[in-house]
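# Topology and contacts: notes
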Amino acid sequence: MAEFQEVSKQSGLHPKPAGLVLQYGTAGFRTNAKDLDHVMFRMGLLATLRSKKTKATIGVMVTASHNPEEDNGVKLVDPMGEMVTPTWEGYATQLANAEQEDLLTALKDVIEKEDINMNKQTDSHFYQTFSIINSRHSSASLSQAVLDGVSALGGKSKDYGLVTTPQLHYMVCCQNTQGKYGEATVEGYYKKLCQAFIQLTKNASNCTDDQKHLTVDGANGIGALKVREMESHLKKELHISLFNDGSKGKLNHQCGADFVKVQQKAPTGIEMNPGERCCSYDGDADRIIYYYSDSKGQFHLLDGDKIATLISTFLKELLTQAGLDLQIAVVQTAYANGSSTRYLEDTMKVIVRCTKTGVKHLHHAAQEFDIGVYFEANGHGTVLFSKAAQEKIQQLAENTGTDDERKRAALLLQNTVNVINQTVGDAISDMLLIEAILAIKSMTVQQWDAIYSDLPNRQLKVKVSDRRVIDTTDAERRAVSPDGLQEAIDGLVKKYRQARSFVRPSGTEDVVRVYAEAETQESADDLAHEVSLAVYRLAGGVGGEPKPLH
Ligand SMILES: CC(=O)N[C@H]1[C@@H](OP(=O)(O)O)O[C@H](CO)[C@@H](O)[C@@H]1O
Ligand SMILES: [Mg+2]
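Cut-offs used in this document
Residues numbered from 1 in each chain as written. Chains lettered and ligands numbered in written order. Predicted model: local features only at pLDDT ≥ 70, side-chain atom pairs only at ≥ 80, totals over all residues. Heavy atoms only, no water. UniProt positions renumbered as here; feature names shortened; annotations may be inferred. Near = heavy atom within 4 Å. Polar contact = N/O pair within 3.5 Å; in protein donor to acceptor, adjacent residues only side chain to side chain. Areas by Shrake-Rupley, 256 points an atom, 1.4 Å probe, with all protein chains shown as cover. Nonpolar A, V, L, I, M, F, W, Y, C, P; charged D, E, K, R; others polar. Domains from an automatic or database assignment. Contact = heavy atoms within 4.5 Å. Buried area = accessible area lost by both parts, 1.4 Å probe. Salt bridge = Lys/Arg side-chain N within 4 Å of Asp/Glu carboxyl O. Helix = DSSP H or I, 4+ residues; strand = E, 2+ residues; numbered from the N terminus. Buried < 20%, exposed > 50% of the residue type's maximum accessible area, 1.4 Å probe, protein only. Core = buried A, V, L, I, M, F, W, Y, C linked by side-chain atoms within 4.5 Å. Arc of directions from axis to C-beta. Donors = N, O, S within 2.8 Å, 3.2 Å for Na, K, Ca; no water. Phe/Tyr/Trp six-rings, centres within 6.5 Å; stacked < 30°, edge-to-face > 60°. Pairing = 2+ DSSP bridges. Axes fitted to C-alpha atoms, helices over the stretch in contact; angles between N-to-C directions.

The name that an unreviewed UniProt entry assigns to the protein is Phosphoacetylglucosamine mutase, with the source organism given as Sparus aurata. In its Function (unreviewed entry) section, the UniProt record describing the protein reads: "Catalyzes the conversion of GlcNAc-6-P into GlcNAc-1-P during the synthesis of uridine diphosphate/UDP-GlcNAc, a sugar nucleotide critical to multiple glycosylation pathways including protein N- and O-glycosylation."

Set out below in C-alpha cells:
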C-alpha cells in the first residue's frame, strides 16, 4: 500500500535510537525530550489507526504535565475524551519500541489484531485532532513529528495549537458528540464554563469583593495563558491575581500543584497575604491544589481530598434539597489522607472506593455511580454524572410544577453539571466550581479547611535498579513482591499510632514511591524513612542509603 511506503520513507526522518525502550505509563510516554522524536511520529501513526478503528476523532496531547522543562511526553485521547483503552496502551508501547526495520511489521500487527479497514473511502467522516503545549521548548518540533505520523498513514489532522490538556479532552468529546457536549473550540469551552459559573454565583448575592479574590500560581505553564484568555468571560465575578504566568520563571520550577503538594509549602514567585485563598495549577492545567497561610505564617494545604469533600458535601446537600434520590460516591487512591476517607465514610456517609493510581482507574470507577466524584490527593479530578442523573436533574429544573426550593436546587445542580469538565480533571473548571461553592455557601477557606484535619504524611522516592521487582495488590496498598517487603512494612507501621504506609513503582518516573502517614509529622517522617530503607534493602536500592529526615 502507498501508505506503508510513505511510513517507511517518513520514519527514516524520525529514527529510533537502537535499543531504547520506553513504556506507555500512568499518563502516556514521558521522558527527556531528546528521546521522543520517533515516539511522536509513531503515536501519530497509532492515533490514525485508532481513529480508523473507532471512526471518530482522536486527540494527541504533547505534554509532560508537572515534569521539568527538559522533559516532554505524549498521550492519546479516546473519542469521549477519556484516556485511551489499556489494549491500545500496549500497542503504543510495542510501536514505540519496534526497531527501525521492524516498524512496518509492528504496524501491520495492530491493523490485523484490530481488524482495521485501511480503505481510503472510510476516511471521509473522521479526522484526528491534535494539540501542542509549547511552553516547553521541545514541543513545536515534537508536534511536527506527530503530524508527520498522521499524514504518513493518510490521516487528517487539526492543530489546536496551545491548549491545556483538559481543553483538548473537552474538544475531542464535543467533536465526537456533534456538539452535544459543547462547541469544539477553546472559545466555546470558556463560554460554557463561565456562563455556568455566573449562573451559580448569582445565588451568592452578598459576596464581597474580598471573597471574589483568588491568587493563582500558573506554574509558568499553559494554564496561566488560558486563564488570562478566559478572564473577560467571567464578567468580574472572580478577581484573579495571576503569578508564575510564564513571563520569566521556569516551567514547574519551585512552583505548581505538584511542588506545593509534595513539598507542603507555598510556591516561589507569588504574593500571599495571611488568610487569603491561593491555588496552584500544574504545567498542563489538569490538577489544582488550594492553600493559605494563617496569621502566624503557618501554611495550610487543601489538596484533592479536601476538594472532593467540599464538592461531595455541596452535591449531597443539593440532592437533598431537590428531593432527588441519586447515589453519590467518592473515588480515591491509596494516597488519599486517612482522615478524608474516615470523614467521607463515617460522617458524610457516602460510598468511598479506592482504585490504583492514575486517572483512568478513578474515572472508570466513578462511571459506576449516578454521581461519581473522583480526585487524586494531588488535585487531579472531576465529577461524572450518569446520563440518567443528568436527565432527572434537567426534568426537575424544567418542570413548572416544582416548588421553589426544589427548583432552586435543581437549577444549581444543572449549572454545576455545566461548569464541570466531565472528560477529565481540569484545573480551570475545578477552580470555577470550588469558587462557586465557597461563594454560595459563604464559606471561607479556613472553614473549608476545618471540615476535617489531615493526618500528617510524607512522600519519599527511592531509586532501585529495576522498579518492576515491586508488585502490588489491593489497589496498590500491599506489596506482593519482593519477598519480605510487605512483612517489613507491616512491622514498621505497628510502631506508630494511626499509621499507614505503602510503596509502589511510579508509572511516570524511574523511582519507587513511599507513602506514610501517622499521628504526628515526626512519626510520619520516621516511618517513611524506615520504609524507604526497607525498599532500598529488599528491592535493590541504588546510590546511597536513604537518609533520615531529621
Ligand atoms: C503519587 C502521585 O501523585 N502520582 C501521580 C503520578 O503517577 P506515578 O505513577 O505515581 O508516577 O503522575 C500521574 C500522572 O500525572 C498521576 O496520575 C499520579 O497521581
Ligand atoms: Mg498534569
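### Side note on the site of ligand 1
Neighbouring ligand 1 are 16 residues; Arg504, Ser506, Gly507, Thr508 and Arg513 lie closest to it. Contact between ligand 1 and Glu376: an oxygen atom at 2.8 Å from a side-chain N or O atom of the residue. Gly507 is positioned with one of its backbone polar atoms (N or O) 2.7 Å from an oxygen atom of ligand 1. Protein contacts shield 94% of the accessible area of ligand 1, which totals 440 Å² for the unbound molecule. Here the shell around ligand 1 is composed, by residue class, of 2 nonpolar, 9 polar and 5 charged.

### Regarding the domain arrangement of the protein
Quoted interface sizes are often the accessible area lost when the parts come together. Under the domain assignment, the protein is made up of domain 1 (2-162), domain 2 (188-302), domain 3 (304-427) and domain 4 (457-538). The C-alpha centroid of domain 3 is placed 34 Å from the C-alpha centroid of domain 1. Opposite the 7 residues of domain 1 that make contact, domain 3 presents 7 residues. Where domain 1 abuts domain 3, roughly 490 Å² becomes buried across the two surfaces, and 64% of that area is made up of carbon and sulfur atoms. Its largest share of buried area at the contact with domain 3, domain 1 owes to Thr26, Gly81 and Met83, together 66% of the area lost on that side. Our count for the contact surface shared by domain 1 and domain 3 stands at 1 salt bridge. Seen at the junction of domain 1 and domain 3, the total is 1 residue pair in polar contact (both at pLDDT 80 or more). Grouping the constituent residues of the side of domain 1 that touches domain 3 by class yields 2 nonpolar, 3 polar and 2 charged.

### Quick word on the pattern of salt bridges
As enumerated under the stated definition, the model contains 29 salt bridges in all. Among the salt bridges present, the one from Lys306 reaches Asp449, with a minimum N-O distance of 3.0 Å. Remark: Asp449 occurs in helix 16 (residues 445-449) and Lys306 occurs in helix 10 (residues 304-322); sequence separation between them is 143 residues. The two residues Lys306 and Asp449 agree in class, both being buried. Measuring nitrogen to oxygen at the nearest pair gives 3.0 Å for the salt bridge that ties Asp490 to Arg478. Here the residue Asp490 occupies a position in helix 17 (residues 485-493), and Arg478 occupies one in strand 17 (residues 478-481), the gap between them amounting to 12 residues. On the basis of relative accessible area, Asp490 is assigned to the partly exposed category, the value being 28%. Shared partners join several salt bridges into a network, and the residues in it are Lys461, Glu509 and Arg513.

### A word on the side chain of Gln422
You can see Gln422 is positioned in the loop between helix 14 (404-419) and helix 15 (427-440). If sequence neighbours within four positions are ignored, Gln422 has contacts with Tyr181, His363, Thr382, Val383, Leu384, Phe385, Gln390 and Val417.

### A few points about the nonpolar core
Proteins that are soluble and globular tend to have nonpolar side chains buried together. Counting residues in hydrophobic clusters, the biggest one holds 85 residues, and the most contacted among them are Met230, Tyr281, Tyr290, Leu315, Met431, Leu432 and Trp448. In terms of residues, this core owes the most to one element, helix 15, which gives 10 residues. If we ignore the near neighbours within four places in the chain, the residues touching Met230 are Tyr190, Cys194, Ile428, Met431 and Leu432.

### Observations regarding helix 17
Taken together, the buried positions of helix 17 are Leu485, Gln486, Ile489, Leu492 and Val493. Viewed end-on, helix 17 has its buried residues packed into an arc of 125°, placing them on one side of the element.

### Considerations on the coordination of the magnesium ion (ligand 2)
Coordination of the magnesium ion (ligand 2) by the protein involves Ser65 (OG), Asp282 (OD), Asp284 (OD) and Asp286 (OD), with metal-donor separations of 2.0 to 2.2 Å. Mapped onto the sequence, the residues coordinating the magnesium ion (ligand 2) show the spacing S-x216-D-x1-D-x1-D. With respect to burial, Asp282 and Asp286 carry one shared label: buried.

### Quick look at the packing of aromatic side chains
Applying the stated criterion across every chain, the model contains 11 aromatic pairs. For the ring pair Tyr170 and Tyr181, a centre distance of 5.4 Å and an interplane angle of 55° mean the geometry is tilted. Of this pair, Tyr170 sits in helix 6 (residues 165-176) while Tyr181 sits in the loop between helix 6 and helix 7 (186-201), and the two are 11 residues apart along the sequence. Residue class for Tyr170 comes out buried when judged on its relative accessible area of 1%. An aromatic cluster of three or more residues is present, and its members are Tyr170, Tyr181, Tyr189 and Tyr190.

### Considering the side chain of Thr355
Looking at where Thr355 falls in the secondary structure, it is placed in strand 12 (residues 351-355). Apart from residues lying up to four places away in sequence, Thr355 is in contact with Val331, Gln332, Thr333, Ala334, His361, Leu362, Ala365 and Ala475.

### Quick word on the UniProt feature "binding site: Mg(2+)" (unreviewed entry) in the protein
Mapped onto this numbering, the UniProt entry gives "binding site: Mg(2+)" (unreviewed entry) at Ser65, Asp282, Asp284 and Asp286. Look at the named residues: they lie 222 residues apart in sequence, but the longest C-alpha span between them is just 8.1 Å, so in the fold they bunch up. With respect to the secondary-structure elements, Ser65 resides in the loop between strand 2 (59-62) and strand 3 (71-77). Position of Asp282 among the secondary structure elements: in the loop between strand 8 (278-281) and strand 9 (288-293). For Asp282, a relative accessible area of 0% corresponds to the buried category. The contacts of Asp282, once residues within four sequence positions are left out, are Ser65, His66, Ala219, Asn252, Ala257 and Arg287. At a separation of 2.8 Å, a polar atom in the side chain of Asp282 contacts the side chain of Ser65.

### Let's talk about the environment of Gln447
Tracing the backbone shows Gln447 in helix 16. Distance in space between the C-alpha atoms of Gln447 and Val330 is 21 Å, their sequence separation being 117 residues. A distance of 2.8 Å separates a polar atom in the side chain of Gln447 from the backbone nitrogen of Thr444.

### Comments concerning the sheet that holds strand 11 (residues 328-333)
Strand order in this open sheet of 4 strands is 12-11-13-14, and the pairing throughout is mixed. In the strand order of this sheet, the two ends are held by strand 12 and strand 14 (381-385), each with one partner. Pairs of neighbouring strands in the sheet enclose a mean axial angle of 20°, with direction left out of account. Here 4 bridges tie strand 11 to strand 13 (residues 371-375), and the two strands are oriented parallel to one another. Counterpart to Val331 in the pairing with strand 13 is Tyr374.

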